[in-house]
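Structural overview for review
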Amino acid sequence: MRLAQHMAVASDRVRATAIEATEFPELSRSYRVSAVPKIVINDRVEFEGALPEAEFLSAVLRAAAPETA
Amino acid sequence: MAFLSDRDQAAVRQEFEKLAGPVKLVVFSQELEAADLCRQNEALVREVAELSPDKVTVEVLNPAIDRDRAAVYGVERVPAIVVEGARDYGIRFLGIPGGYEFSNLIDSMIVASSGVPSLTAETRTALEGLAGDIDIKVFSTPT
């Protein structure tokens, strides 16, 4: 969550929400959370576990890229 | 009931020496939705705020009553916390930030207080180039 929060401060485009998975079981189910931390970006790119900053950024940029047909 | 031990309080006080400016914690509570969790969340936030009363303020909103504000913040579930510095940077916590998320709450307050993120120049440049909105959800558990 730390990187996500810092990215939110860096850019007005970024919103970072930390979700306590056990308190929101329906959300956790709909995002198929089985291991934590689980990160979901724009409901498109997801991964489990902490990533170094450069790889986290790549995931953000992948989520930001236009959909390819 | 106190959430933070004396030792936790001392640690947070020390971290709060890094607060560069005012921080507002906007708490969303709705008794009818999740009474116990909302009460605990609110109590935790107030305990945290009391550790730096000159810099940290708390506002409690009920999304069923303060609908317009909840919509502006994009908060649809409770308990929730918005961490604001000079402005709303988009930092949200859904659920009580316990365990590991507690450290993130404190860290988010410090970065929101300054508006200066600890990120590499490469990351900051890439984020400045974003053309669309990015929503990052981080699911975690307290332990």
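Look up a bit, the structure's there.
Residues numbered from 1 in each chain as written. Chains lettered and ligands numbered in written order. Predicted model: local features only at pLDDT ≥ 70, side-chain atom pairs only at ≥ 80, totals over all residues.

Helix and strand counts for chain B stand at 5 helices and 5 strands. Along chain B, from the amino end to the carboxyl end, the secondary structure elements read α-β-α-β-α-β-β-α-α-β. Computed over the C-alpha atoms, the radius of gyration of chain B is 15 Å, within 12% of the 15 Å expected from 2.2 N^0.38 for a compact globule of 143 residues. Dimensions of chain B along its principal axes, counting C-alpha atoms only, are 45 × 35 × 30 Å. Scored against the burial criterion, the 143 residues of chain B give a buried share of 36%. Taking as baseline every contact in chain B between residues at least 6 positions apart, the subset at least 24 positions apart corresponds to 69%. (Helix = DSSP H or I, 4+ residues; strand = E, 2+ residues; numbered from the N terminus. Rg over C-alpha atoms; globule rule 2.2 N^0.38 Å. Buried ≥ 20, exposed ≤ 12 C-beta atoms within 10 Å, placed from the backbone. Contact = placed C-beta atoms within 7 Å.)

Right, let's talk about the overall build of chain A for a bit. When its secondary structure is counted, chain A shows 3 helices and 3 strands. Listing each helix as α and each strand as β along chain A from the N terminus yields α-β-α-β-β-α. With respect to the three principal axes, the spread of C-alpha positions in chain A is 30 × 30 × 20 Å. Among the 69 residues that make up chain A, the fraction classed as buried is 43%. Taking contacts inside chain A between residues at least 6 apart in sequence as the whole, the part at least 24 apart equals 8%.

Moving on, we get to the sheet that holds strand 2 (residues 38-41) of chain A. In sheet architecture, strand pairing relies on hydrogen bonds along the backbone and comes in two forms, parallel and antiparallel. The strand order across the open sheet formed by 8 strands is 3(A)-2(A)-5(B)-1(A)-4(B)-3(B)-1(B)-2(B), and the pairing between neighbours is mixed. Two strands in the sheet have a free side with no partner beyond their single neighbour: strand 3 (45-48) of chain A together with strand 2 (56-61) of chain B. Averaged over all pairs of adjacent strands, the angle between their axes in this sheet comes to 15 degrees, without regard to strand direction. Bridging between strand 1 (residues 23-28) of chain B and strand 3 (residues 80-84) of chain B involves 5 bridges; their strand directions are antiparallel. Bridge pairing in strand 3 of chain B links Lys24(B) to Glu84(B). Here helix 4 (residues 100-114) of chain B sits on the sheet and contacts strand 1 (14-20) of chain A together with strand 1, strand 3, strand 4 (88-94) and strand 5 (134-140) of chain B; the angle it forms with strand 4 of chain B, its principal contact strand, is near 165 degrees. (Pairing = 2+ DSSP bridges. Axes fitted to C-alpha atoms, helices over the stretch in contact; angles between N-to-C directions.)

The interface is formed by 39 residues belonging to chain B together with 38 residues belonging to chain A. Elements with a contribution of two residues or more to the side of chain B that touches chain A: strand 4, helix 4, helix 5 (121-128) and strand 5 of chain B. Among the elements that line the side of chain B that touches chain A, the one with the most residues is strand 5 of chain B, at 7 residues. For the side of chain B that touches chain A, the residue count by class is 19 nonpolar, 11 polar and 9 charged. (Nonpolar A, V, L, I, M, F, W, Y, C, P; charged D, E, K, R; others polar.)

Turning to the nonpolar core, a few remarks are in order. Within the largest apolar cluster, 56 residues are counted, with the highest numbers of intra-cluster contacts made by Met7(A) and Ile81(B). If one sorts the elements of this core by residue count, helix 1 (residues 2-10) of chain A sits on top with 6 residues. Residue contacts for Met7(A): discarding those within four places in its chain leaves Val14(A), Ala16(A), Val60(A), Leu119(B) and Leu127(B). (Core = buried A, V, L, I, M, F, W, Y, C linked by C-beta atoms within 7 Å.)

Let us look at unusual backbone geometry. A cis amide bond, omega -5 degrees, links Val36(A) with the succeeding residue Pro37(A). Following the sequence through the fold, Pro37(A) ends up in the loop between helix 2 (25-30) and strand 2. Residues Val78(B) and Pro79(B) are joined by a peptide bond in cis, for which omega reads -10 degrees. Mapped onto the elements of the fold, Pro79(B) is located in the loop between helix 3 (67-73) and strand 3. For Asn42(A), which is not glycine, the phi torsion reads 50 degrees and is therefore positive.

Following the sequence through the fold, Gly132(B) ends up in the loop between helix 5 and strand 5. Residue Gly132(B) is classed as exposed on the basis of its 10 C-beta neighbours within 10 Å. Along the backbone, Gly132(B) and Glu50(B) are 82 residues apart, and their C-alpha atoms lie at a distance of 38 Å. Beyond its immediate sequence surroundings of up to four residues, Gly132(B) is in contact with Arg13(A) and Ala64(A).

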